[in-house]
Amino acid sequence: MRSEESGASATYKAALADPARTGTVMTTAFSGRPARALRNEFVERFHAVAPLGYPALHHLTSPIRKAAAAAGDQENINIWAGAGYRDASNESASVILRRLGGR
C-alpha cells in the first residue's frame, strides 16, 4: 500500500508509517463490514456503535473519509492494515516484488 505505484492517498500512506499507530482492530465503523484497521479517533468514537450495514454505512462515511484524506487528517480516514502493515515500504512495486521473491 505504500509503494510508489499505489493509488492510496498520501494521508493513508503516512498513517501506515506512523510509529505512534500501534494497534489494529476489527471494526465495522467505516463500511458496515468487518475489516482490520489501525486505531484512530474515528474508530475509537464509532467502533462500539457501528452497525453491520454494508454498503449503506460505506456510502454514509465516504464523504467524511474523502474530505479527511484530502485534508491530511489521519484521524478520520479508514486505515486498513493487516498484521504485517509495518513491513509496507515506500519503494517501487518492482523492488518490493524482487525482495519478496528472494532475488
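Going by the structure above, here's the rest.
Below: a short report on this structure. (Residues numbered from 1 in each chain as written. Predicted model: local features only at pLDDT ≥ 70, side-chain atom pairs only at ≥ 80, totals over all residues. Heavy atoms only, no water.)

1. Concerning the pattern of salt bridges
Tallied over the full model, the rule gives 3 salt bridges. The residue R99 makes a salt bridge to E91 at a minimum N-O spacing of 2.3 Å. We classify R99 as partly exposed; its relative accessible area is 41%. You can call E91 partly exposed: its relative accessible area is 22%. (Salt bridge = Lys/Arg side-chain N within 4 Å of Asp/Glu carboxyl O. Buried < 20%, exposed > 50% of the residue type's maximum accessible area, 1.4 Å probe, protein only.)

2. Some thoughts on unusual backbone geometry
Cis geometry marks the peptide bond from Y54 to P55; its omega dihedral reads 5°. With respect to the helices and strands, P55 occurs in the loop between α2 (41-46) and α3 (56-71). (Helix = DSSP H or I, 4+ residues; strand = E, 2+ residues; numbered from the N terminus.)

3. A closer look at the packing of aromatic side chains
For any pair of aromatic rings, the description consists of the separation of the ring centres together with the inter-plane angle of the planes. Applying the stated rule across the entire model yields 3 aromatic pairs. Here F30 and F42 contribute two aromatic rings whose centre-to-centre distance is 4.7 Å and whose plane-to-plane angle is 15°, an arrangement assigned as stacked. Residue F30 is located in the loop between β1 (24-27) and β2 (35-38), and its partner F42 is located in helix α2; the two are separated by 12 residues in the primary sequence. For the pair F42 and F46, a centre-to-centre distance of 4.8 Å together with 50° between the ring planes defines the contact as tilted. Taken together, the residues F42 and F46, both in helix α2 and 4 residues apart, mark about one turn of the helix. Since its relative accessible area comes to 5%, F42 is described here as buried. On the basis of relative accessibility, which here comes to 29%, the residue F46 falls in the partly exposed class. What links up through ring pairs into an aromatic cluster is the set F30, F42, F46 and W80. (Phe/Tyr/Trp six-rings, centres within 6.5 Å; stacked < 30°, edge-to-face > 60°.)

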